[in-house]
Amino acid sequence: MAHPKRKQSHSRTRKRRTHDKISVPQLVVCSECKRLRPSHMVCPFCGYYKGREIVTIKIKKKKKKQ
Ligand SMILES: [Zn+2]
């Protein structure tokens, strides 16, 4: 099998991995509920997009056990 002739340096590994980073999600304020939602996506809180209701959000009411 093919085998690398030399060990790859830490520097070279780090240089390659400079591109392996997570970007911060692009958040905008929802025009309906005024909460932060990802842009170009239906609001996960109210289900609105471009002023229209796209998805009906089920309201979950969980009571804490005491
Ligand atoms: Zn919303």
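Here, every reference points to the structure presented above.
Residues numbered from 1 in each chain as written. Predicted model: local features only at pLDDT ≥ 70, side-chain atom pairs only at ≥ 80, totals over all residues. Heavy atoms only, no water.

A.B. asks: Please explain the overall build of the protein as it appears in this structure.
C.D. replies: Secondary structure summary: the protein contains one helix and four strands in total. Secondary structure elements in the protein, listed N-terminal to C-terminal, are α-β-β-β-β. Sorting the 66 residues of the protein into buried and exposed places 9% on the buried side. Look at the contacts in the protein between residues 6 or more apart in sequence, and 0% of them connect residues 24 or more apart. (Helix = DSSP H or I, 4+ residues; strand = E, 2+ residues; numbered from the N terminus. Buried < 20%, exposed > 50% of the residue type's maximum accessible area, 1.4 Å probe, protein only. Contact = heavy atoms within 4.5 Å.)

A.B. asks: What am I meant to see in the coordination of the zinc ion here?
C.D. replies: Angles at a metal have ideal values that depend on geometry: 109.5 degrees with four tetrahedral donors, 90 or 180 degrees with six octahedral donors. Around the zinc ion, the protein contributes the donor atoms Cys30 (SG), Cys33 (SG), Cys43 (SG) and Cys46 (SG), which lie 2.2 to 2.3 Å from the metal centre. Around the zinc ion sit four donor atoms, and with donor-metal-donor angles ranging over 105 to 118 degrees the site reads as tetrahedral. Of note, the zinc ion draws all its donor residues from one chain, in the sequence arrangement C-x2-C-x9-C-x2-C. Separated by 13 residues along the polypeptide, cysteine 33 in the loop between strand 1 (27-29) and strand 2 (36-38) and cysteine 46 in the loop between strand 2 and strand 3 (48-49) bring together distant segments of the chain. For cysteine 33, a relative accessible area of 23% puts it in the partly exposed group. (Donors = N, O, S within 2.8 Å, 3.2 Å for Na, K, Ca; no water. Tetrahedral: all angles 85-135°; square planar, octahedral: opposite > 155°, others 65-115°.)

A.B. asks: I tried to follow unusual backbone geometry on my own but got confused; where do I start?
C.D. replies: Glycine aside, residues mostly have negative phi angles, and peptide bonds mostly take the trans form. In the Ramachandran plot, lysine 34 falls in the positive-phi region, its phi being about 65 degrees despite a non-glycine side chain. Within the secondary structure layout, lysine 34 lies in the loop between strand 1 and strand 2. Positive phi values are uncommon outside glycine, yet histidine 40 reaches one of about 60 degrees. Mapped onto the elements, histidine 40 comes out in the loop between strand 2 and strand 3. For histidine 40, a relative accessible area of 70% puts it in the exposed group.

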